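# Examination of the molecular architecture
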Amino acid sequence: MRSHDDVAAFLSARFAEAVAARGVPGASIAVLVDGEVVEAAAGVLSTATHVDTTTDSVFQIGSITKVWTATLVMQLADEGLLDLDAPLRTYLPEFRLADDSAAGAITTRQLLSHQGGFEGDVFTDTGRGEDAIEKYVTAAIAELPQLFTPGELFSYNNAAYSVLGRLVEVLRGTTWSDALVEHIVRPLQLTHVAPSAYEAILFRAAVGHLGPGADGVETPAPMWALAKSNEPAGSMLAMTPRDLVGFAKMHLAGGVGPDGTRVLSEASARAMQEIQVDLPRLTGMGDAWGLGWEIIQKGEPVVIGHDGGTIGQSAFLRLVPELGIAVAMLTNGGDVMGLFDDVVAHLVKELAGVTLHGFPKPPAEPVAVDAGPLVGSYSNSTFDMLVTVDDEGLLWIDSTPKGILLEMGQQPERHQLVGYDVDTLITLQPAMKEMHLVYAFLGDDGAGRRKYLHYGRAIARND
């Protein structure tokens, strides 16, 4: 498969079949190859309404929104309004955390690359007004604990991107969503982008699904979006795959839009794709992180991208900059990881010759690990996690949700763990969306025990 026509033939023959086989209610995909976009759609937007999914349907892109927010921030740097390495308080003096010295030292670059070090999964609803993000930054996160020194390591941080969204608001003198439309959507001539439910209702909008009900049919989610306070991190931005690929194409073109308009400087487009921090060996995450972009694979050719998840919706974006290839797939429930393997990974392999890492599986012969330094309790605002060894020597992790996750109905889970690597464990059975979760244990608490449990987020030991 090497051409636009090859991709079109593959999607025509296989996409709808794969969507149905994986139990995905609805999905849409766009592929940039040879400078042209190929599209396909299948299934329904909701199992309650049975409205067909079309290529003009909008889905939430979840945390892929973070790359859009990062782009808005880099535009500020291009205009000389922002120094990425100056303390954030230079521009946001109201920024506060429980550790005031850390809050005073954190830079925009560290927030962009998830190295701020403070707890990040905070989804406080501060209302639907234009001041929602401002309220979040000035009040909701003021007491967040610092997990590690800024810049010490990577820990995925949603709250950091709400802070970056507020930075955009202050330096632009407008709302984050209005800045998004004025500085990205319009210059790129995107036509089906919905920053919130108010715009999404103008399009054919997908609803998330939370798994099969008693009748075996995927159940529509009871709400469309998460809190407005988390807009810049990915709570509700929706669009078609075609528009998402249009955004990706600008990054592939060194910051230039479809009509030659420069949306981002070439230097900033390049800097966003450069490695800022390497990652531990984690489930579903890449080799490293740039400024907004995830570095999926560091080898030649490099693959960058981002994934996103909201309430029952999952989004995937993969770019191969060297070859000018982009693949965007948006879904609304079911076995989305299986569909990713069937379609996105397959296309990247065929078009770029790159075999994506895939999601880890337990080894046939588990790695022997010393459980002593790993067992114990770890906690943050969304989970209490307890790692134990039973009388038979088996390792277990008990995850107890709290806060917003508990309010959303998430239930406690218990999973057996086996050795995956040195100081790294993996769930023996799939734990989420058919994925086996990997937990890396990092640092030393001074007593020979690991200081952090890391599964994309660092969670500090609390026993």
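What counts and how
- Residues numbered from 1 in each chain as written.
- Predicted model: local features only at pLDDT ≥ 70, side-chain atom pairs only at ≥ 80, totals over all residues.
- Heavy atoms only, no water.
- Helix = DSSP H or I, 4+ residues; strand = E, 2+ residues; numbered from the N terminus.
- Buried < 20%, exposed > 50% of the residue type's maximum accessible area, 1.4 Å probe, protein only.
- Contact = heavy atoms within 4.5 Å.
- Axes fitted to C-alpha atoms, helices over the stretch in contact; angles between N-to-C directions.
- Parallel < 35°, antiparallel > 145°, perpendicular 65-115°, else oblique.
- Left-handed = near helix turned anticlockwise from the far one by under 90°.
- Nonpolar A, V, L, I, M, F, W, Y, C, P; charged D, E, K, R; others polar.
- Pairing = 2+ DSSP bridges.

With that settled, consider the side chain of T53. With respect to the helices and strands, T53 occurs in the loop between β2 (36-43) and β3 (59-60). T53 sits in the buried class, given a relative accessible area of 8%. Ignoring sequence-local partners within four residues, the contact set of T53 consists of G26, A27, S28, A41, A42, G43, V44, L45 and F59.

What follows concerns the packing of helix α5 (residues 132-140) against helix α6 (residues 158-172). Running from N to C, α5 and α6 point in directions that differ by 120 degrees, and their axes come no closer than 9 Å. Taken together, the axes of α5 and α6 are oblique relative to one another. Seen from above, α5 lies across α6 with left-handed handedness. From α5, I133, E134, Y136 and V137 reach across to α6, where they touch A159, S162, V163, G165, R166 and E169. Here the residues of the contact of α5 with α6 sort into five nonpolar, two polar and three charged.

A word on the pairing of strand β17 (residues 413-421). Where strand β16 (residues 395-401) lies against β17, five bridges are found, and the strand directions are antiparallel. Residue pairing in the sheet places S399 in a bridge with E413 of β17. By the bridge criterion, four bridges tie β17 to strand β18 (residues 424-427) in an arrangement that is antiparallel. Pairing of G419 across the sheet is with L425, part of β18. Adjacent in sequence and paired antiparallel, β17 and β18 are bridged by two residues, among which D423 carries a positive phi angle near 55 degrees.

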